[in-house]
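# Inside the fold
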Amino acid sequence: MPTSSTLVVVSAGADQIGLAEIVWACILSDFPDSPGRCNNAIQNAYQILDVRSATFQNSMLRLYDAIFAKIPIEEITLNARVIHPLYPNFFNIDTDWCEGQSMFHGKNLSKALRRQLAEVIYTLNAAISLAANRWLAVHETHRIIGALKVASQDALWDGHRFCENGMPPGWVEPSAWFSPVIGNGNRAVAGDFVANCDGVDKGNWENVGKCAVSKWYGLDPARQGQSIDVDPNLLHHTFHPKLPGHRATKDAVFKEFKDYPADKFAPIGQKLRIMPIGDSITYGYLSTTGNGYRGPLYEILSKADNSIEFVGTKHDGNMVNNAHNGYPGWRVNEISAEIFSASSTDGRSPNAIVDQKPNVILLHICTNDLNSDSLFEPDTASERVGVLIDRLFSAAPDVTIIVAQIIPANDPEVRARILRHNGRLEMEVARRRGAGRKILSAILPLNYKTVHLSDGLHPNDAGYQKMAEGWAAALADASRRGWISPADTGVDALKPFNGGS
């Protein structure tokens with residue numbers, strides 16, 4: 001190993017859940033049995049990702065073990081980084097023009113299908129993040145802090161997916177960063193046209209691709225007698241990045257490689273009016289100071305020469321600057337109603353968002369919706385968060401909202417619901433960011449073992465520190481994008497700003 005910085009980039013996860021089968025069965029195939037096959041492929045992926053069986057989690061842990069076994073401990077301690085890039089979503093899921101479109105007479109790329117596929121990708125990313133954090137928690141005692149990180153790149157792909165607005169039908173589009181299906185490989189002559197592909201071995205990508213292309217050309221009278229200028233062998237590359245996509249991955253990896261430790265990746269010189277919104281975790285329950293993540297986040301941001309004021313209608317913790325909107329035990333709809341109520345419980349704020357004028361909102365919300373199997377409809381919790389996000393933007397159009405993925409729980413049933421929710425939540429965030437809103441996701445690097453949790457659900461002080469580091473990284477990303485609008489320092493806050501903890 002070199003004595004200078006060591007960087008290992010991991011690309012793994014898609015093959016483990018059968019993503020190639022999903023692509024073929026749900027997008028490219030027009031076999032009669034493909035609708036059922038698509039559903040089966042997706043359900044198989046979720047079974048593999050299910051944290052209760054730990055199939056995927058254990059495969060990732062073994063992979064990380066094998067990688068770090070190759071790196072001398074002195075390299076790991078000082079300057080080695082193993083970075084696992086997360087996957088970008090293939091499609092813009094909200095555009096109308098893609099309705100009725102298909103690839104090679106395959107599936108109709110309806111909004112419903114595109115959202116279904118996006119949820120698979122985002123759940124895969126959530127599972128990778130969970131595995132990486134779990135591995136780190138086990139090895140923190142060995143001074144491998146920060147040596148393994150995930151790199152989120154999905155936001156970099158906005159405007160460069162399939163089905164973007166302004167992209168013509170067909171799949172040879174320079175602005176798309178996924179590989180096209182047109183190439184200069186094997187050519188089939190007119191005599192190779194076929195009426196159907198029923199007899200083709202569906203497990204053989206090359207043969208399936210050749211048949212699909214031949215059928216596609218055979219169905220088009222204008223192409224009869226022409227040679228086929230599509231490379232069937234490239235069909236399975238269609239959802240791999242082109243060069244600009246690889247650059248996006250490189251940029252995401254490089255950001256994570258250089259942005260450590262936490263006080264080096266905080267935004268610098270910003271005036272921040274931060275409104276934390278959520279439940280008991282935002283409140284700071286079970287932290288020894290009562291400050292929760294707000295205390296360590298203030299410290300991180302202060303070291304980077306930022307002016308910070310937490311704003312909200314509630315005040316808890318031993319720090320002076322201790323405002324927030326955290327409501328222990330409350331669910332999403334209850335918190336939303338309170339924030340936008342005409343008369344809040346403290347009687348002081350008719351509308352917390354308008355009254356407090358934050359330029360940043362930190363949103364970690366939904367734990368109480370997910371803590372029950374069916375009582376509070378956990379499967380639609382992400383949609384309720386989406387409604388709240390829309391209300392926040394309606395009240396403050398120029399605010400930057402950072403939405404945290406829900407931290408994991410010790411209970412395997414709750415943890416499984418959180419994983420699926422985080423995949424859906426990422427889709428809600430991506431949809432609004434794609435529509436031009438200033439909104440990002442934050443991955444908070446906590447593990448569900450006791451190293452970061454006090455009672456299996458709420459963080460301890462070490463867990464709140466990890467939350468603060470995740471918030472700081474997301475704030476830095478927003479700052480680099482130029483998203484943080486000037487703070488309204490003339491606002492009379494409910495409690496004056498007098499410094500930090």
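Residues numbered from 1 in each chain as written. Predicted model: local features only at pLDDT ≥ 70, side-chain atom pairs only at ≥ 80, totals over all residues. Heavy atoms only, no water.

### Overview of the side chain of Ser336
Put simply, the rule reads: For helices the rule is a DSSP run of H or I covering at least 4 residues; for strands it is a run of E covering at least 2, with both sets numbered from the N terminus onward. Burial classes follow relative accessibility: with a 1.4 Å probe on protein chains only, a residue under 20% of its type's maximum area counts as buried, one over 50% as exposed, and anything between as partly exposed.
Along the chain, Ser336 turns up in helix H10 (residues 332-339). On the basis of relative accessible area, Ser336 is assigned to the buried category, the value being 6%.

### Focus: the pattern of salt bridges
Applicable threshold: The salt bridge criterion pairs a side-chain nitrogen of Lys or Arg with a carboxyl oxygen of Asp or Glu, the two atoms within 4 Å.
Using the criterion set out here, one finds 25 salt bridges in the structure. Close ionic contact of Arg424 with Glu119 constitutes a salt bridge, the shortest N to O distance being 3.1 Å. Separated by 305 residues along the polypeptide, Arg424 in helix H14 (residues 412-434) and Glu119 in helix H5 (residues 111-139) bring together distant segments of the chain. Both residues of the pair, Arg424 and Glu119, count as buried.

### Focus on the pairing of strand E8 (residues 360-364)
Note the following rule: The criterion for strand pairing is that DSSP finds at least two bridges linking the strands in question.
For E8, the tally of buried residues reaches five of five residues, placing the bulk of the element in the interior. The two faces of E8 match: Val360, Leu362 and His364 on one face and Ile361 and Leu363 on the other face are all buried. With five bridges joining them, strand E4 (residues 271-278) and E8 adopt parallel strand pairing. Along E8, the bridge assignment pairs Gly278 with His364. Two strands pair when backbone bridges link them, and E8 and strand E9 (residues 400-404) are joined in this way by four bridges, in the parallel orientation. By the bridge assignment for E9, Leu362 is matched with Ile402.

### Quick look at the packing of aromatic side chains
Here is the rule we go by: Within 6.5 Å between ring centres, the rings of Phe, Tyr and Trp (the latter by its six-membered ring) count as paired, and their orientation is classed by plane angle as stacked under 30 degrees, edge-to-face over 60, tilted in between.
Applying the stated criterion across every chain, the model contains 11 aromatic pairs. Centroid distance Phe68 to Trp135: 4.4 Å. Interplanar angle 20°. Geometry classified as stacked. With Phe68 in helix H3 (residues 55-69) and Trp135 in helix H5, the pair connects residues that are 67 residues apart, well separated along the chain. Trp135 matches Phe68 in its accessibility class, with the two residues each being buried.

### Regarding unusual backbone geometry
If a residue is not glycine, its phi is most likely negative; likewise, a peptide bond is most likely trans. The phi torsion at Ala54 lies on the positive side, around 65°, for a residue other than glycine. Structurally, Ala54 can be placed in the loop between helix H2 (34-49) and H3. Phi at Asp305 takes a positive value of approximately 65°, unusual for a residue other than glycine. Looking at the element boundaries, Asp305 is found in the loop between helix H9 (294-303) and strand E5 (307-310). Exposure remark for Asp305: the relative accessible area of 59% places this residue in the exposed category.

### Examining the packing of helix H1 (residues 19-28) against H5
Stated formally: Whenever a helix is involved, its axis is fitted only over the stretch in contact; in every case the axis is a line through C-alpha atoms, and angles between N-to-C directions fall within 0 to 180 degrees. Put simply, angles under 35 degrees are roughly parallel, angles over 145 are roughly antiparallel, angles from 65 to 115 are roughly perpendicular, and the rest are oblique. Here, two residues are considered to be in contact whenever any of their heavy atoms come within 4.5 Å of each other. Here the term charged refers only to Asp, Glu, Lys and Arg, the term nonpolar to Ala, Val, Leu, Ile, Met, Phe, Trp, Tyr, Cys and Pro, and the term polar to all other amino acids, Gly among them.
Closest axis-to-axis distance for the H1/H5 pair is 12 Å, and the angle between their directions is 175°. Viewed along their axes, H1 and H5 adopt a mutual orientation that is roughly antiparallel. Contact with H1, carried on its side by Leu19, Ile22, Cys26 and Ile27, involves Leu113, Leu117, Val120 and Ile121 of H5 and no other residues of that element. Its residues placed into classes, the contact of H1 with H5 shows eight nonpolar, no polar and no charged.

### Things to note about the nonpolar core
We count it as follows: Take the buried Ala, Val, Leu, Ile, Met, Phe, Trp, Tyr and Cys residues and link them wherever side-chain atoms come within 4.5 Å; each set so joined is a nonpolar core.
Core analysis: the biggest nonpolar cluster contains 98 residues, and Phe91, Leu297 and Trp471 have the highest contact counts within it. Among the elements that take part in this core, H5 stands out by supplying 13 residues, more than any other. Discounting residues that sit within four places of it in the chain, Leu297 has contacts with Phe310, Leu362, Ala468, Trp471, Ala472 and Leu475. Within the second largest apolar cluster, 33 residues are counted, among which are Ile277, Ile335, Leu392 and Ile418.

### Some details on the packing of H9 against helix H15 (residues 461-480)
Geometrically, a packed helix pair is captured by the angle between its two axes and the distance between the axes. In plain terms, the rule: Crossing handedness follows the turn of the near helix against the far one: under a right angle anticlockwise gives a left-handed crossing, and clockwise gives a right-handed one.
Direction vectors running N to C along H9 and H15 enclose 45°, while the axes themselves pass 8 Å from each other. Accordingly, the angle class assigned to the pair H9 and H15 is oblique. With respect to the hand of their crossing, H9 and H15 are arranged in right-handed fashion. Taken together, the residues of H15 that come into contact with H9 (itself represented by Pro296, Leu297, Ile300 and Leu301) are Tyr464, Gln465, Ala468, Glu469, Trp471, Ala472 and Leu475. Within the contact of H9 with H15, the residues separate by chemical class into nine nonpolar, one polar and one charged.

### Observations regarding the side chain of Asn321
Let me state the cut-off plainly: N or O atoms within 3.5 Å of each other form a polar contact, as long as, within protein, one can give a hydrogen and the other can take it, and as long as residues adjacent in sequence are counted only when both atoms are side-chain atoms.
Along the chain, Asn321 turns up in the loop between strand E6 (314-315) and strand E7 (323-326). When its relative accessible area of 2% is taken as the criterion, Asn321 is described as buried. A polar contact is formed between the side chain of Asn321 and the backbone oxygen of Ile308, at a distance of 3.2 Å. From its side chain, Asn321 meets the backbone nitrogen of Phe310 in a polar contact 3.0 Å long.

### A closer look at the state of the cysteines
Note the threshold: The criterion for a disulfide is a pair of cysteine sulfur atoms lying within 2.5 Å.
A full pass over the atoms with the stated rule returns two disulfides. The disulfide bridge from Cys98 ends at Cys163, spanning 1.9 Å between sulfur atoms. Between Cys98 and Cys163 the sulfur-sulfur dihedral comes to about -75°; the bridge is accordingly left-handed. Linking Cys98 in the loop between strand E2 (80-85) and H5 with Cys163 in the loop between strand E3 (148-151) and helix H6 (205-218), this pair joins segments that are 65 residues apart in sequence. Given the relative accessible area of 0%, Cys98 is considered buried.

### Focus on the environment of Leu49
Topologically, Leu49 is positioned in helix H2. We classify Leu49 as buried; its relative accessible area is 1%. Taking the C-alpha atoms as reference points, Leu49 and Thr123, 74 residues apart in sequence, are found 8.0 Å from one another. Other than its neighbours up to four places away in sequence, Leu49 contacts Ile17, Phe56, Thr123, Leu124, Ala127 and Leu419.

### Examining H14
The periodicity of an α-helix, 3.6 residues per turn, causes residues three or four places apart in sequence to face the same way. For clarity, the cut-off: Residue count minus one, scaled by 1.5 Å, sets the expected span of a helix.
Compared with an ideal rise of 1.5 Å per residue, which puts 23 residues at 33 Å, H14 spans 33 Å between its outermost C-alpha atoms and is within 8% of the ideal. Counting buried positions along H14 gives 18 out of 23 residues, so the element sits mostly inside the fold. Where H14 starts, the residue carrying a side-chain oxygen 2.8 Å from the main-chain nitrogen of Glu413 turns out to be Asp411. Just past H14, the residue Gly436 takes up positive phi, approximately 100°.

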